[in-house]
Amino acid sequence: KYFNEEIGMNSRLDPLQAAVLSVKLKYLDKWTERRCIIANTYKEKLNNCGLILPYVPEWADPVWHLYVVRSPARNKLQNNLIRSGIETLIHYPIPPHLQDAYADLNIQAETLPLSKDISQEVLSLPIGPHLSNEEIIFIIDEIIKISKSI
């Protein structure tokens, strides 16, 4: 899933993808608004539980496709969240410079130590617009409870 053997590219949508997207675009503003509400709730409620929360410059207005936190105890946190029925994802567990697609650049792991560290700490929390307020509060409560025990 996250192993890249070839350098990717950006290409045009085919007609079927464009048709689906044209229907989904009608809901984009509503979905974005909901994601922003969830992200703000995470920021407010998780600010003192030991996680490194996303930094957003004042000039930025993110749409929160992902809500990625960092934790030195990421694997323990994720495993405990799974036991609580909360699915999380680890996006980019291998830094781009260590992917096979970029092997010809010959960049050693120790050259970019922060990238390596971050790749071992990142965890994407649920943030879909389909999530209810009750589900978000449950996720937050579980994260806080688990964070106190790890």
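Our structure is the block above this text.
Definitions and limits used
Residues numbered from 1 in each chain as written. Predicted model: local features only at pLDDT ≥ 70, side-chain atom pairs only at ≥ 80, totals over all residues. Heavy atoms only, no water. Helix = DSSP H or I, 4+ residues; strand = E, 2+ residues; numbered from the N terminus. Contact = heavy atoms within 4.5 Å. Core = buried A, V, L, I, M, F, W, Y, C linked by side-chain atoms within 4.5 Å. Buried < 20%, exposed > 50% of the residue type's maximum accessible area, 1.4 Å probe, protein only. Arc of directions from axis to C-beta.

## Some details on the environment of Leu51
On the secondary structure map, Leu51 appears in the loop between helix H2 (28-45) and strand E1 (67-70). The contacts of Leu51, once residues within four sequence positions are left out, are Leu46, Val69, Arg70, Ser71, Leu77 and Ile143.

## Considering the nonpolar core
Formed by 23 residues in total, the largest nonpolar core has its most connected members in Tyr42, Leu46, Tyr67, Leu125 and Ile143. Looking at this core, the elements that each hand over two or more residues are H2, E1, helix H3 (74-83), strand E2 (122-125) and helix H5 (133-149). Per-element tally for this core: the top contributor is H5, with five residues. Not counting residues within four places of it along the chain, the set of residues in contact with Tyr42 comprises Asn47, Leu53, Tyr67, Leu125, Pro126, Ile136, Ile139 and Ile140.

## Here's the deal with H3
When H3 is considered as a whole, its buried residues turn out to be Arg74, Leu77, Gln78 and Leu81. All buried residues of H3 fall inside an arc of 95° around its axis, so they share one side. Exposed side of H3, more than 90 degrees from the buried face: Lys76 and Arg83 are the residues found there. On its buried side, H3 packs onto helix H4 (113-119), E2 and H5. Where H3 ends, the next residue or the one after it, Gly85, has phi of about 85°, a positive value.

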